[in-house]
Amino acid sequence: MTRATVTAAVGTLAALTLLTGSAAARPAPEPTPPTAAPRLVSFDTCADALARLRAAASASVGPWGFQPGWRTGFATGGAGDPPALSRAGDGARATPEHSGTNVHEPGADEPDLVKTDGRRIVTVTGGVLRVVDPATRRTNGRLDLTGDDARPGPGDGSLLLHGDRALVLLRGNMPMLPNGTSARRPAGGPTGARLLLVDLAGRPALIGTYRIDGSLLDARLTGPTARVVVRSEARLVLPEPGDESTEGQRLAANRAAIDRADLDAWLPAYDWTEGDRRGGGRVGCDRLAATADTTGTALLTVLSFDLAAGRLGDGDPVSVAGDADTVYGTAGSLYLAGQRQRPGQLRPRGWGGPAGRDPETAIYQFDTRAPSRPRYLAAGTVPGTLLDQYALSEWQGHLRVATTSGDDRWSRPTTESGVYVLTRRGDVLTRVGAVTGLGRGERIHSVRYLGPTGHVVTFRRTDPLYALDLTDPATPRVTGELKITGYSAYLHPAGPGRLLGVGQEADADGRAQGLQVSLFDVADPARPTRLARHHVPGAGSAVEFDPHAFLYDPGTGLVALPVHDGGLLLLRVAGATIVPAGTVTHPGRAPVSRSLLVGGVLWTVSDAGLRADDPAGVAGPVRIAWLPAT
């Protein structure tokens with residue numbers, strides 16, 4: 001029996017890392033009551049940790065492997081308020097006004113494939129880092145990122161920027177055996193997520209590397225400290241069942257294989273370089289914590305790097321035996337959230353067996369105010385599942401969470417959505433209020449919080465835009481509702497009482513009809529209205545699933561968003577109108593993925609290169625320069 005101790009403040013260890021009452025809009029059955037909050041436990045010895053992980057995996061495995069959601073099979077062998085233009089700059093030359101990455105919260109920068117500090121533009125495309133001087137409109141340097149590893153895959157590359165340092169993040173994936181099972185770690189060391197520290201003071205130069213088992217989940221930069229979240233699956237190899245084996249025999253064989261696994265099957269290995277120096281290791285048992293109900297199939301590791309130090313080191317890793325798929329960060333907190341399987345939930349509805357209980361979302365909060373590794377604070381659960389990080393919002397000591405519960409795969413969907421308000425009491429995120437019953441038969445398509453108010457879009461055939469009053473955390477309530485065709489997949493603040501929505505128009509049966517950009521007036525919480533819209537039949541935009549692709553300049557009303565034909569659509573919000581302002585295309589119709597402003601110049605990025613335009617041209621943007629990628 002393990003000697004695990006519940007830790008309220010998980011001290012050094014759980015300083016760590018990750019896992020990933022109600023006023024109803026209409027009378028509605030109360031959702032299934034949440035189970036106990038998934039508190040973390042730590043371990044006295046490695047033997048205790050191994051015993052807990054084996055027991056958890058054995059309890060989770062079935063005759064045919066792990067429950068739905070486990071991404072491996074059988075093996076025969078071993079094993080995102082809008083950022084304003086920045087004027088900051090203490091250098092010898094004044095820093096031009098410039099846009100930043102479109103992020104969820106100020107003070108918590110998010111990785112993206114292009115960054116600028118006004119003095120330089122840094123991009124990561126096609127496995128190459130490029131540095132451009134926006135003043136001279138010249139490329140100052142290139143750095144091939146392929147190095148000693150395989151070339152990054154399409155879209156595999158993002159970066160964080162602090163001073164003269166860039167941290168490049170390559171997502172990575174554990175190698176897979178032909179039948180889809182995670183391979184065991186190769187003899188050469190860890191494989192998966194890679195981090196590259198690049199010096200930008202002169203020509204870009206690689207000064208440090210870091211590799212760790214698993215794939216990059218997300219990262220946040222607060223001040224000079226980058227916190228990187230990595231998800232790794234347990235490298236458990238289950239035997240191939242014989243045709244004549246009974247379910248009991250298969251289950252026994254699977255559990256026997258788990259009982260033979262050692263800690264190497266769970267704990268991530270890492271290595272690092274710094275010039276000629278090399279180091280490495282494995283996350284230690286003293287850096288591991290687990291949720292009391294962990295399935296033993298996944299670990300989350302949080303790494304902390306001081307970009308001002310000019311070195312990566314070992315990343316000060318800490319791991320949680322748990323799972324998450326969403327990272328939400330503020331200037332002082334890091335939240336990890338993901339679906340939590342309740343006890344007895346072996347299969348969801350529709351898997352040919354008894355219906356399981358509705359899933360819950362588990363949420364873990366960490367304190368990131370200090371530059372050292374995060375300190376675990378609390379955990380909690382809410383009914384349903386999250387859309388993305390914009391479904392969460394920390395405000396005045398409370399966490400607001402929007403989720404959808406129920407099933408919409410059949411002709412009579414049972415879904416509904418709600419917003420739950422949590423507060424930290426000890427080491428538990430406790431629910432203090434909720435508003436439920438939103439969009440029955442529909443799912444959440446976007447969420448945006450503006451201080452004490454919230455806006456939720458649900459959709460199946462029409463788009464109800466709900467306005468919520470969250471001023472009193474104990475009694476959140478719906479104040480207004482707007483029904484229109486189509487939906488907004490992303491909502492963005494556009495000045496006091498205004499929201500921009502980017503999504504799809506739809507017909508009366510809910511069939512998408514092309515890109516739709518809407519301007520909403522939400523100043524009157526009882527009567528949200530749509531002031532204007534711009535429709536592009538048959539089109540779509542990356543903004544619908546990646547808010548980093550969105551650019552809005554509050555000073556000029558300029559809106560820029562990539563469209564699926566490869567170009568960049570420019571619009572201007574003027575009063576209560578949306579006015580077309582032209583398009584930008586790159587040679588060969590190379591898809592434009594990002595746009596940014598530096599000193600009033602619009603820069604656009606594609607794999608083919610960077611283009612600079614004057615966006616204020618009377619007939620549309622006027623090309624100033626073209627910098628090819630090669």
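Residues numbered from 1 in each chain as written. Predicted model: local features only at pLDDT ≥ 70, side-chain atom pairs only at ≥ 80, totals over all residues. Heavy atoms only, no water.

Peer 1: Explain helix α3 (residues 247-260) residue by residue, including any values.
Peer 2: Here α3 contains 14 residues, and its C-alpha end-to-end distance of 20 Å stays within 8% of the 20 Å for a straight helix at 1.5 Å per residue. Here α3 has its buried residues at Arg 250, Asn 254, Ala 257 and Ile 258. Along α3, the residues classed as buried sweep out an arc of 100 degrees about the axis, all on the same side. Looking at the buried positions of α3, the neighbouring elements they touch are α2 (46-60), β3 (61-62) and β4 (65-66). (Helix = DSSP H or I, 4+ residues; strand = E, 2+ residues; numbered from the N terminus. Expected span 1.5 Å × (residues − 1). Buried < 20%, exposed > 50% of the residue type's maximum accessible area, 1.4 Å probe, protein only. Arc of directions from axis to C-beta. Contact = heavy atoms within 4.5 Å.)

Peer 1: Explain the side chain of Ser 541 residue by residue, including any values.
Peer 2: Among the structural elements, Ser 541 can be located in the loop between β35 (529-537) and β36 (551-553). When residues no more than four places from it in sequence are discounted, the contact partners of Ser 541 are Leu 515, Leu 561, Pro 562, Val 563 and His 564.

Peer 1: If you had to explain the pairing of strand β11 (residues 192-199) to someone new, which residues and values would you point to?
Peer 2: With seven of its eight residues buried, β11 lies for the most part within the structure. Direction of pairing for β11 relative to strand β12 (residues 205-213): antiparallel, over a ladder of eight bridges. In the strand pairing of β12, Arg 194 is matched with Arg 211. Linking two consecutive strands that pair antiparallel, namely β11 and β12, is a turn of five residues. (Pairing = 2+ DSSP bridges.)

Peer 1: Would you mind going over the pattern of salt bridges in detail, with residue names and values included?
Peer 2: With the rule as written, the count across this model stands at 27 salt bridges. Connected via shared salt-bridge partners are Asp 117, Arg 119, Arg 120 and Asp 164. (Salt bridge = Lys/Arg side-chain N within 4 Å of Asp/Glu carboxyl O.)

Peer 1: Run through the sheet that holds strand β28 (residues 443-450), naming residues and quoting values.
Peer 2: Strand order in this open sheet of four strands is β28-β29-β30-β31, and the pairing throughout is antiparallel. Each edge of the open sheet carries a strand with a single partner, namely β28 and β31 (477-485). Pairs of neighbouring strands in the sheet enclose a mean axial angle of 20 degrees, with direction left out of account. (Axes fitted to C-alpha atoms, helices over the stretch in contact; angles between N-to-C directions.)

Peer 1: Quick one: what's the story with the state of the cysteines, residue by residue and with numbers?
Peer 2: Scanning the entire structure with this criterion turns up one disulfide. With a sulfur-sulfur separation of 2.0 Å, Cys 46 is cross-linked through a disulfide to Cys 285. On the sign convention where negative means left-handed, the S-S torsion of about 110 degrees between Cys 46 and Cys 285 marks this disulfide as right-handed. Residue Cys 285 is classed as buried on the basis of its relative accessible area, which comes to 7%. (Disulfide = S-S within 2.5 Å.)

Peer 1: Hey, could you go over the confidence of the model for the protein for me, with residue numbers and the actual values?
Peer 2: Detailed reading of predicted coordinates is not advised where the pLDDT is low. Mean pLDDT over the protein stands at 85; residues scoring 70 or higher make up 83%. Every residue in residues 68-82 is under pLDDT 50, and counting partners more than four places away or in other chains gives 54 contacts. Contacts of residues 88-92 to residues separated by more than four positions or lying in other chains number two contacts, the stretch itself having pLDDT below 50. (pLDDT = per-residue confidence, 0-100.)

Peer 1: Quick rundown of the sheet that holds strand β42 (residues 609-614)? Include the residues and the values.
Peer 2: Spatial strand order, β40-β41-β42-β43: four strands in an open sheet with antiparallel pairing. Two strands lie at the open edges of the sheet, namely β40 (594-598) and β43 (622-628), each paired on one side alone. Across the sheet, the mean angle from the axis of one strand to that of its neighbour is 20 degrees, orientation sign disregarded. Across five bridges, the pairing between β40 and strand β41 (residues 601-606) is antiparallel. From the neighbouring strand, Arg 594 faces β41, where its bridge partner is Val 605.

Peer 1: Lay out the nonpolar core with the relevant residues and their values.
Peer 2: Among soluble globular proteins, nonpolar side chains are generally buried collectively. By size, the foremost hydrophobic cluster in this structure holds 27 residues, and its most contacted members are Ile 363, Leu 399, Val 401 and Val 419. Only β21 (333-340), β23 (375-383), β25 (398-405), β26 (416-425), β27 (428-438), β28 and β30 (462-469) provide two or more residues apiece to this core. In terms of residues, this core owes the most to one element, β27, which gives four residues. Val 401 has contacts with Ile 363, Val 382, Leu 386, Ala 391, Leu 392, Gly 418, Val 419, Tyr 420, Leu 422 and Tyr 449, leaving out every residue within four places of it along the chain. The next biggest cluster of nonpolar side chains, apart from the first, holds 23 residues, and it includes Val 41, Leu 238, Ala 257 and Leu 288. (Core = buried A, V, L, I, M, F, W, Y, C linked by side-chain atoms within 4.5 Å.)

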